[in-house]
Structure formats: C-alpha cells, structure tokens
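The chain contents come next:
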Amino acid sequence: YEIFMRDWSSDVCSSDLRLFVKLEPVFMSDLPRLLNEKRSALYWSHIYCLIKCLEAAIQYRVSECCPFMNATDICTIKLMPEMIMHEHLWVQSAAVRLLKVYVSCDRDHNQKVTTHIFTFKDTKMLSDSLMLYFERLSCTDTCDDLTLEGVFYCLSKFSETLVSTSEGTLHLESLLARCTKAIEVTRAHDVCDAMLRWVARIITRAADMPDVSSVLCHRVVLLCDAVIARNSSESSRNLAREILCML
C-alpha cells in the first residue's frame, strides 16, 4: 500500500490532469470536510491524494498557459496551515511542497502570489506552521531534504513581507529563536544549509530597511553560533560565518 501511494503521483497522465483541472472545484470541495473528519487511514490518504493531484494540476495549468490562480486555489491556501500541521507526516510533506509550488510562481511566472494572495495574517500563520513543521522534523533521526528546502524557501519569501513592518520583525525574531532551539536539540545529522539561506535572505532584506532591529541581529548571531557549535557540515559552518560577517 505504501509503495502504491509513493508511486501513484508519477503515474498521472495529461488526460487525467485535464479532467482534474475541469473538476477541481468538485474534487477540492471535499478538503475542508476531510480535514475535520475523524482521523483514519482513509481520510489522510484521501487528503494526500487531493494535494498531490492539485500540485500536478497547477503545474499542468501553467504549462498549458491556463489561468494560474482560481477560487479553488485561494480556498486551498487558506487551509494550508491546517494541512501543514496535520498529524500525518505524508500530508504535512505534501502540503509543504504544494505551498512551495504556489510561492515559487512569484519567481517563475510573475504571479505575485505572496503579495496579492497572502494577507499579512496568512503570512504569519503559514510561517508559524512551517516553523512548527521544522521543529517536529528536527526531532526525528532523518530529515526529508526536499521538503526541508521547501520549508525554508517559503519562509524566505514570507520574510520579505514580515521584515518590512515592526510587527513582522517581532514575528521573525520569534521564528529565529525557535529555529535556534530546534538546531540545538536536533538529532538529524545536518539540517542547516537551507535554513541558513533563509537567514541570509532576512539579513539582506533587513539591510534595505531604515532601522534594523538589534534584537533581530542578536537572534541571527545566536542561531549562527549554534550552527557553528554543533556537528554541522563544513559548508554550513562557512555559510554561518559569512552571515556573521554581514552583520
């Protein structure tokens, strides 16, 4: 059953996607109900399949020059924190990858999703959800590198919005503090490179602000020191030192 679930999404053909795109509102209308249902293998697998179908459908829509963002996407984005914090790891990982597809359209297709679709409240809730996912993942023996990359890619994009306001900067300070604690207790061998690229993005963006928060800089220093102190890869330690030199 697990092999079937793992390989299923790669077997979806273009005719399946054309049908799914046409019936997206019907299929995805089940998502809120499924998220509220009693947890069982049936419900989590249904949610997982819907997320993977939507991820493939978005990529299909883009490749076929169809409208990228529709009402179904906006409703799905509002449910994203709940999906990322779902109790099943496969649903969590699939939700993170779907969020990365939405966010990456800023860069790849000039859709401006993070500024036009995500409100400030959405950005805070999603960044909280992503950090909670990272905290949970850091307590395991292995980390999914691809999903971890998606976590910090999305956090990097959201940070551009957060760092531009005092309230957002306070939220970033909290995220950095939580990230430092996760790094100090993690059992995973190395989870630092993607995280440090996120931190570097924050510092680069903050440098354009009139007044850079001293607390934000202090949080960055503590995080980089934690990376250097632990058994991180040489590339992670070097990147941490480069960030410290940027301050």
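Throughout, a residue's number is its position along its own chain's written sequence, starting from 1. With the structure being a predicted model, the display of local features is reserved for residues of pLDDT at least 70 and the display and counting of side-chain atom pairs for 80 or more, all residues being used for whole-chain, interface and lining totals. Side-chain descriptors were evaluated using all non-hydrogen atoms of the structure, hydrogens and water having been removed beforehand.

**Considerations on the environment of Arg 205**
Working definition: helices are DSSP H or I runs of at least four residues, strands are E runs of at least two. Numbering for both runs from the N terminus. Examined against the element boundaries, Arg 205 turns out to sit in helix α12 (residues 192-206). Residues Arg 205 and Val 163, 42 residues apart in the sequence, show an inter-C-alpha distance of 7.3 Å. The contacts of Arg 205, once residues within four sequence positions are left out, are Glu 160 and Val 163. In this description, contact between two residues means that some pair of their heavy atoms is separated by no more than 4.5 Å.

**Points about the packing of helix α10 (residues 145-162) against α12**
Angular values range over 0 to 180 degrees, each being the angle between N-to-C directions of two axes fitted as lines to C-alpha atoms, with helices fitted over their stretch in contact. The contact between α10 and α12 brings their axes to 8 Å, and the two run at 10°. Considered as vectors, α10 and α12 are oriented roughly parallel to each other. In contact with Leu 148, Glu 149, Phe 152, Leu 155, Ser 156, Lys 157, Ser 159 and Glu 160 of α10, α12 contributes Ala 194, Met 195, Arg 197, Trp 198, Arg 201, Ile 202 and Arg 205. Residue composition of the contact of α10 with α12, grouped by class: seven nonpolar, two polar and six charged. Throughout, the term roughly parallel applies to angles under 35 degrees, roughly antiparallel to angles over 145, roughly perpendicular to angles from 65 to 115, and oblique to all others. Under the scheme applied, nonpolar residues are Ala, Val, Leu, Ile, Met, Phe, Trp, Tyr, Cys and Pro; charged residues are Asp, Glu, Lys and Arg; polar residues are all the others, including Gly.

**Considering the environment of Leu 155**
Tracing the chain through its elements places Leu 155 in helix α10. Along the backbone, Leu 155 and Trp 198 are 43 residues apart, and their C-alpha atoms lie at a distance of 6.8 Å.

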